[in-house]
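If you want the building blocks of each chain, they are given just below.
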Amino acid sequence: MAIDQVAMERLSEQFRGIRSLSEKLASKLQNEDTIIQAMPDVSPPKWHLAHTTWFFERFILKEKNPSYVPFNPKFDYLFNSYYETIGSYHPRHSRSVLSRPSMDEVYAYRDYVNREILSLLRKYGDQLPKEVEDLIEIGLQHEQQHQELLLTDVKYNFSCNPMLPSYTELSTTSKHTTDHQSQVTDIKIEGGLVEIGFAGTGFSFDNERPRHKVWLNAYHISSHPVTNGEYLSFIEAGGYEQPEHWLSDGWATVKKEKWKHPLYWRKDEDGWYTFTLTGEKKLNLDEPVCHVSFYEADAFARWSGKRLPTEAEWEHAMSSITIEGNFVEEESFHPVVDESYSKSPIKKAFGDVWEWTSSPYTSYPESKPLEGALGEYNAKFMCNQIVLRGGSCVTSKLHIRPTYRNFFQADKRWQFSGIRLAGDLI
């Protein structure tokens, strides 16, 4: 089955827009910034730009265009991330040693692949096979994921520099201007036999499917994410010194890593500060707390006498809420207080911070991974990871859905991850 000419032109425009956003985000960096990898979990910005290009080259151009000539055959090894069925790849923890190719060559690589993809689309015209359309869509969704990772990785890299450099100046165009959030309330959600998971038209990843039934007891969910001020109360009450609030693995991590507060927080005689992509600033107590691990989120919930929602509870509660909020398009690159864009009693369901759930990342009933190498995209990570929902201030609004499942290991903090509380109705 092929798509019509209008859909093909729309796909071409979407391709140009998403690919250009990556370069817009990278344009704020100096060349020296683009090769830094301050810990194994982050990747250099240059690698993100090259890897997302490799994805289109490897899975579309090499597979669907017999006459395609690779830009540089060595890139197939350098910029493969983890696809074992394709072949060997450069070790993840050593990406910072790749001083070559240069940034100029990476941009030339991007231009070359862009031209080849757009040429392929023109060649097919209104006879573009659905299979190729789907591969391009996956590639664009993949690029949006790496746009977010580029920003989170730059933030971590910059935080390790004693100069605490800014990625960018504070945006003057942000719509979010409210100084104080409204009062937090518990929103009652009816339970019963509900459906979660993606269904219908539009894109979704294989891990969001199929839609299926889940039984939920009635529960409540907080109207707002937990704020810095609320989390500071936990710190000041000795939360990081009291093992009774923590899971065993979490408490072991707290002791090993000597955690005393969220990542990027700092205290001096003038109070608390936090590092942001626009530089260090005074901690705003009304902003959503972010850069906390699952362990910290769970401990805070226990200390509060509540719990984290399951991913099914989260999705059921948020399924009818319009996707509006503080996303990367706002260029704040940081959680904000403003909630005026939300007409729902549940505020900030999307954007600002990814919200930890209590659910392990596993496959849905009857879920099937994609065929071939792309089957490695999601399914092979379904072990020792926890699901997060909702997107963050560095997520694209066009990328997020109520059914979208993000996932990280329980100790990870460099993502814009936060907390929303839930509880049982007795």
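Asks: Could you give an account of the overall build of the protein chain, with specific residues and numbers?
Replies: Looking only at helices and strands, one finds nine helices and 12 strands in the protein chain. For the protein chain, the C-alpha radius of gyration of 22 Å lies close to 22 Å, the compact-globule estimate for 426 residues. Projected onto its principal axes, the C-alpha coordinates of the protein chain cover approximately 65 × 55 × 40 Å. Counting all 426 residues of the protein chain, 58% fall into the buried class. Sequence-distant contacts, at least 24 apart, represent 80% of the contacts inside the protein chain between residues at least 6 apart. For the protein chain, the accessible surface area stands at approximately 18,700 Å², while carbon and sulfur atoms represent 52% of it. Charged side chains of the protein chain number 47 positive and 60 negative; the gap between the two group centres comes to 2 Å.

Asks: Help me get a handle on the packing of aromatic side chains, residues and values and all.
Replies: The final tally for this structure, using the stated rule, is 36 aromatic pairs. Feature note: the residues Tyr231, Phe234, Tyr240, Trp246, Trp251, Trp265, Trp272, Phe300 and Trp303 constitute an aromatic cluster, connected by ring pairs. Directly above the aromatic system of tyrosine 364 lies the positively charged group of arginine 405, at a separation of 4.1 Å from the ring centroid. Note that arginine 413 overlies the ring of tryptophan 259, its terminal NZ or CZ placed 4.2 Å from the centroid.

Asks: Account for the sheet that holds strand E9 (residues 386-389), naming residues and giving values.
Replies: What the four strands build is an open sheet, ordered E10-E9-E8-E11; its pairing is mixed. The open sheet has two edge strands with one neighbour each: strand E10 (406-408) and strand E11 (417-418). Examined bridge by bridge, strand E8 (residues 354-360) and E11 share two bridges and lie parallel to one another. Bridging across to E11, glutamate 355 finds its partner in glycine 418. Strands in contact with helix H9 (residues 311-318) are E8 and E9; relative to E8, the strand with the most contacts, it is inclined by about 135°.

Asks: Report on the side chain of histidine 334, specifying residues and quantitative values.
Replies: Within the secondary structure layout, histidine 334 lies in the loop between H9 and E8. Here the side chain of histidine 334 touches glutamate 287 through a polar contact of 2.9 Å, side chain to side chain. Sequence-distant contacts of histidine 334, that is, excluding residues within four places in its chain, are made with Lys155, Thr274, Thr276, Lys281, Glu287, Asn326, Asp352 and Cys393.

Asks: Explain the packing of helix H1 (residues 5-26) against helix H5 (residues 130-159) to me, using residue names and the numbers behind them.
Replies: At their nearest, the axes of H1 and H5 sit 10 Å apart, and the two run at 20° to each other. Here H5 runs roughly parallel to H1, going by the angle between their axes. Here H1 runs over H5; the crossing is left-handed. Between H1, through Leu11, Gln14, Phe15, Ile18, Arg19, Leu21, Ser22 and Leu25, and H5, the contact on the second element is made entirely by Glu133, Ile136, Glu137, Leu140, Glu143, Gln144, Gln147 and Leu151. Taken together, the residues that form the contact of H1 with H5 break down as eight nonpolar, four polar and four charged.

Asks: Which residues make up the pattern of salt bridges, and what values go with them?
Replies: In this structure the tally under the stated criterion is 30 salt bridges. For the salt bridge of aspartate 186 with lysine 306, the shortest nitrogen-to-oxygen distance reads 3.0 Å. Taken together, the residues span a long stretch of sequence, with aspartate 186 in strand E1 (residues 186-189) and lysine 306 in the loop between helix H8 (294-303) and H9 at a distance of 120 residues. Under the relative-accessibility criterion, aspartate 186 is labelled partly exposed at 41%. Take lysine 306: its relative accessible area is 29%, and that puts it in the partly exposed class. Across the pair glutamate 280 and arginine 266 runs a salt bridge whose closest N-O atoms are separated by 2.8 Å.

Asks: Please set out the nonpolar core residue by residue, giving values where relevant.
Replies: With 113 residues, the main nonpolar core has Ile136, Tyr231 and Ile419 as its most contacted residues. When residues in this core are grouped by element, the largest group, 10 residues, is from H5. With residues up to four places along the chain from it excluded, the contact list for tyrosine 231 reads Val226, Tyr240, Pro262, Trp265, Val289, Val292, Glu296, Phe300 and Ile419.

Asks: Quick one: what's the story with the sheet that holds strand E5 (residues 265-268), residue by residue and with numbers?
Replies: The three strands are arranged E5-E6-E7 in an open sheet whose pairing can be described as antiparallel. Of all the strands in the sheet, just E5 and strand E7 (279-282) have a single pairing partner and so form its edges. Between one strand and the next, the sheet's axes are offset by a mean angle of 30°, whatever the strand orientation. By the bridge criterion, four bridges tie E5 to strand E6 (residues 271-276) in an arrangement that is antiparallel. Paired with arginine 266 across the strands is tyrosine 273, a residue of E6.

Asks: Give me the lowdown on the environment of cysteine 160, citing residues and values where you can.
Replies: Position of cysteine 160 among the secondary structure elements: in the loop between H5 and E1. With relative accessibility at 44%, the residue cysteine 160 sits in the partly exposed group. It is 18 Å that separates the C-alpha atoms of cysteine 160 and lysine 28, two residues lying 132 residues apart in sequence.

Asks: Let's hear about the side chain of glutamate 296: which residues, and what values?
Replies: On the secondary structure map, glutamate 296 appears in helix H8. In this structure glutamate 296 comes out as buried when scored by relative accessible area, which is 0%. With near-sequence residues (within four places) excluded, glutamate 296 lies in contact with Tyr231, Tyr240, Trp246, Trp259, His261, Pro262 and Arg413.

Asks: Got a sec to walk through the pairing of E7? Specific residues and values, please.
Replies: As judged from the four bridges shared by E6 and E7, these two strands associate in the antiparallel manner. Residue threonine 274 lies in a different strand from E7, and its bridge partner there is lysine 281. From the end of E6 to the start of E7, which pair antiparallel, there are two residues.

Asks: Please provide a residue-by-residue account of the environment of glycine 351, values included.
Replies: Structurally, the position occupied by glycine 351 is in the loop between H9 and E8. When the C-alpha atoms of glycine 351 and alanine 299 are compared, they prove to be 23 Å apart, with 52 residues separating the residues in sequence. In contact with glycine 351, other than residues within four places in its own chain, are Asn326, Phe327, Gly390, Gly391, Ser392 and Cys393.

Conventions we followed
- For every chain, the first residue of its written sequence is number 1, and the numbers climb from 1 along that sequence.
- With pLDDT at 70 or above as the cut-off, local features in this predicted model cover only qualifying residues; side-chain atom pairs require 80 or more to be listed or tallied, and sums for whole chains, interfaces and linings still use all residues.
- Values reported for side chains reflect all heavy atoms of the structure, with hydrogen atoms and water molecules removed beforehand.
- In this description a helix means any DSSP run of H or I spanning at least four residues, a strand means any run of E spanning at least two, and both kinds are numbered starting from the N terminus.
- This radius of gyration counts C-alpha atoms alone. The globule rule is 2.2 Å times how many residues there are, raised to the power 0.38.
- Buried means the residue's accessible area, taken with a 1.4 Å probe over protein chains only, is under 20% of the maximum for its type, while exposed means over 50%, and partly exposed covers the values in between.
- The contact definition used throughout considers only heavy atoms, calling two residues in contact when any of these lie within 4.5 Å.
- Using a 1.4 Å probe, the Shrake-Rupley method yields the accessible areas, and only the shown protein chains count as cover for residues.
- In this count, Lys and Arg are taken as positive residues and Asp and Glu as negative ones, while His and the chain termini are left out.
- Note on charges: their place is set at NZ of Lys, CZ of Arg, CG of Asp or CD of Glu.
- Paired rings are identified among Phe, Tyr and Trp, the last through its six-membered ring, by centres lying within 6.5 Å, and are further divided according to the angle between planes into stacked (under 30 degrees), edge-to-face (over 60) and tilted (the rest).
- A ring is scored as having a charge over it whenever the NZ atom of a lysine or the CZ atom of an arginine sits within 6 Å of its centre and within 35 degrees of its normal.
- Here, strands pair whenever DSSP counts at least two bridges between them.
- All axes are obtained by fitting lines to C-alpha atoms, using only the stretch in contact for helices, and the reported angles, taken between N-to-C directions, cover 0 to 180 degrees.
- Whenever two N or O atoms come within 3.5 Å, that pair is a polar contact, provided that in protein one can donate a hydrogen and the other can accept it, and provided that, for residues adjacent in sequence, both atoms are side-chain atoms.
- Every angle not falling under 35 degrees, over 145, or within 65 to 115 is termed oblique; those three ranges are roughly parallel, roughly antiparallel and roughly perpendicular.
- A clockwise turn of the near helix away from the far one marks a right-handed crossing, whereas an anticlockwise turn of less than a right angle marks a left-handed crossing.
- Three residue categories are used. Nonpolar comprises Ala, Val, Leu, Ile, Met, Phe, Trp, Tyr, Cys and Pro, charged comprises Asp, Glu, Lys and Arg, and polar comprises the others, including Gly.
- When a carboxyl oxygen of Asp or Glu lies within 4 Å of a side-chain nitrogen of Lys or Arg, that pair is called a salt bridge.
- The criterion is simple. A nonpolar core is a set of buried Ala, Val, Leu, Ile, Met, Phe, Trp, Tyr and Cys residues joined through side-chain atoms within 4.5 Å.

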